Structure formats: C-alpha cells, structure tokens
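# Residue-level structure breakdown
So you can see what is in the structure, the chains are spelled out below.
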Amino acid sequence: MRAPVSSLLAALSVLAATLPAAPALAAPPIAKWPGSAEISTADASNIFGANLSGLAFQGPNVLWAVRNGPGTLYRLVPDGSGWRPDPSGGWALRYRDGRGDPDAEGVVATPDGVFAATERDGDNSGVSSAKVLRFDPAAASRTLNATAEWDLTADLPKVSANSGPEAITWVPDTALTASGFRDERTKAAYHPATYPGHGSGLYFVGLEDNGTIYAYALDQAGGKYTRVATIPSGLPKIMGLEFETATGRLWAVCDNTCQGRASTLTVTGGRFTATAVHERPARMSNLNNEGFAIAPPESCAAGRKPVLWADDGNTGGHALRGGTLPCAALPGVGGAHGEDSHHPVAGVRVPAVPAAVVVDGQDLPRLRPEPR
C-alpha cells in the first residue's frame, strides 16, 4: 500500500509534476515474432534457480541480471555456449542505509551506474515501496548498498505490493532530442538542460499493474526526480523494457499473463506510441519471462543479433533463453522517422555490422537448442 504523503513533503522530496492522463489509443496490430522461431537455453542447469527477473546488456560480452528474492545483482559473461555469473554468486543488494532486501525486478546499465527497479522490501513484503536504486559493482564487498535511491511511490498509481515497478530502461538524451520527443510537463520539445544534474538520459520505468511506462529525469545526487512523460505500452501488463538504440524502438515485454507478447514503440508526434504487438517466438513455451535484453549492434552477424529472456520460474532448470532479431529495422514497425522507416535514430552512432564477432579470441556465445 502507498503511504499517505502530504503535498508539502512531496514538494520538498521530489520534483514531480502533475501530468495529463495519457490519451486512449487504438490497440496496435498483433504480428508474428520478427526474429527466429528457434529458442535456445543460454545457461547451465540450475545456476540461478527461481526469481531471475531483469536483464540488460553492457556491450556485447557483459550482461547484467537481477533476482527479486533475495535481491541479487549478477554480472554475466560469455561461457562457451551460454552465460555464467562472474562472480559466481553475484552481489546481495541492500538499500542505501544498508538494510532491507530490495525486490529487484528490472536492471539497466548506464553511464551513471547500474540501476535496479524495485517494487517492495522483501523484509516487509506486504507494503508497496516503488524505488529505483543505483549500485556500484566496483565496490569490494559482495553486499552492495545503494549509492542513491529514488522513491517513486508517491508519484505512481496506488498498486498492490507485488504489482509495482517491474522494468527499467534508459534512453539517451541524444536519441530523445533527435526524435522530437515531447516533455509532457513543459508541453514543449524535450530539452535536457531543463533538468540539471539528471545525467545524459531519461529512465523509463514500467509499472506491472497497468502496463504503463513512466519516463523520469533522476537527479543523480539521489532523491529528487521529475516525471517527463506517461506512456501506454500497448500491453495490459509490463515485465521488461528495452531501448534499442540502433532503431529508436522501445520494447515492452509481458510474461505468461499476456502469452509472452512484446510491443514496440516509436516516437510519433513527440510521443512514444505502440506501433505493433508481437507474439512470442513460435518455439517458445508460454513462460514466466520477466526480463528481456537485446544485444548491441556490434553483436550482429549474418544480419542477426542475439536477444535473451529471463524466466522467473526457472522452467526445466534454466532461467535464460535466447533467440535473435534482425539487425535492420523491422518493416512496418517504424524507426525514429516514422512508420516503415529503416533509419537509425539520428545522433546515435551505429557501429558497422561485422561478418562475425570475436571477443578475447572467442566467438560470442552460441546458444544450444532448447529441448522440445
């Protein structure tokens, strides 16, 4: 439950603004999964157990993951045919005061650090506590206290403790300004200088309960934030978010609640708008996938790039599964310049696509086929 907060305290603690409700939009069309139908397991048996939730790439050979119970951060590296944690047990997570068990549901690595979206404290699991936490994995300890936190509980709709922030991603300011993204608070084009101290991009948080995405400028000193936009995802629920820099698409992913569907959103008329909803890959079961990550452009080989899902249920002893997406923009889905555009976002450098990708003398992980 959201604790009552007076208007004075809210004004002092956050730079939140009252924004107009997102307009009702026509449901986007449902399309086939645009990548490979084949799905492969991408981890060794029972490495993570249950509750693996968020995923995010940091370059082609580092993948971040979070577990929501107990709250844990993992750094994953290529390991032959899949991925493994390095260090093996990850890092236990705590709030800034060194206490609690953050229910980490989503993760993203940005120039400002590694961020987790959390919906409650596992030590007080009946109370909603919608927070974004920043961590520094370079610390020597295997238990990480948040270096900053932002409590969004008062700004988000009142939801049950287990239906709060489930996903997070980051969109660079260069991509937002190039696409003509509109600031709903100022009712004008988004200008990064309006939010001093926010870093170099906005944080997009997905609320599980209503399938809505909330874009925030987070003051990197911690605590203060401003909501910049409220975005319908095209899905009734959200479990994962991913911004695809090469195309300017924002991906929202649902779990077995929505048959594993994913929506794609592009900036149209200044707003991120859902342009399509995709079925899950044909050979993927209807799993409790709560994390989704798209490999960066330099991972492209033969016109395809890897994507990964995190299965909260650890079905069959595996929490990671992989597939592919085309490296080019999808026909009919649109890019930063509108429907059917195959152009990348202006201002975002897209590396040349290599014929093959080799890291430290080894090919990137080749995923082994999942048993059918």
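Everything discussed here concerns the structure shown above.
Below is a summary of the structure that appears in this document. The model shown is predicted, which means the values in this text are computed figures rather than measured ones. (Residues numbered from 1 in each chain as written. Predicted model: local features only at pLDDT ≥ 70, side-chain atom pairs only at ≥ 80, totals over all residues. Heavy atoms only, no water.)

## Some thoughts on the packing of aromatic side chains
Our working definition: Aromatic contacts are taken between Phe, Tyr and Trp rings whose centres are within 6.5 Å, Trp giving its six-membered ring; a plane angle under 30 degrees counts as stacked, one over 60 as edge-to-face, and the others as tilted. Summary of the burial criterion: residues with accessible area below 20% of their type's maximum are buried, those above 50% are exposed, and those between are partly exposed, where the area comes from a 1.4 Å probe applied to protein chains only.
Scanning all chains against the criterion turns up 16 aromatic pairs. Plain terms: the ring middles of Tyr-216 and Tyr-225 are 5.5 Å apart, the flat faces sit at 90 degrees to each other, and that makes the pair edge-to-face. A residue is classified by how much of its surface remains accessible, and Tyr-216, at 1% relative accessible area, is buried. Tyr-225 gets classed as buried once you look at its relative accessible area, which sits at 2%. Aromatic rings pair up to connect Phe-181, Tyr-190, Tyr-195, Phe-204 and Phe-272 into one cluster.

## Quick look at the sheet that holds strand E10 (residues 128-135)
Where we set the bar: Strands qualify as paired when DSSP identifies two bridges or more between them. Labels follow the DSSP assignment, with helices taken as runs of H or I lasting at least four residues and strands as runs of E lasting at least two, numbered in each case from the N terminus. Fitting a line to C-alpha atoms yields each axis, with helices limited to the stretch in contact; the angle taken between N-to-C directions then spans 0 to 180 degrees.
Read from one edge to the other, the open sheet built from 4 strands follows the order E8-E9-E10-E12, with strand pairing classed as antiparallel. Each edge of the open sheet carries a strand with a single partner, namely strand E8 (102-110) and strand E12 (148-151). Within this sheet the neighbouring strands show an average axis-to-axis angle of 20 degrees, counted without direction. In terms of strand pairing, strand E9 (residues 113-121) meets E10 through 6 bridges, oriented antiparallel.

## Looking at the pattern of salt bridges
Using the following cut-off: Throughout this description, the term salt bridge denotes a Lys or Arg side-chain nitrogen within 4 Å of a carboxyl oxygen of Asp or Glu.
One pass over the full model with this rule turns up 11 salt bridges. Across the salt bridge formed by Glu-244 and Lys-305, the nearest N and O atoms sit 2.6 Å from each other. Linking Glu-244 in strand E19 (residues 240-244) with Lys-305 in strand E24 (residues 304-311), this pair joins segments that are 61 residues apart in sequence. Pair check on accessibility: Glu-244 and Lys-305 agree, each one buried. One network of salt bridges, in which partners are shared, links Glu-244, Arg-249 and Lys-305.

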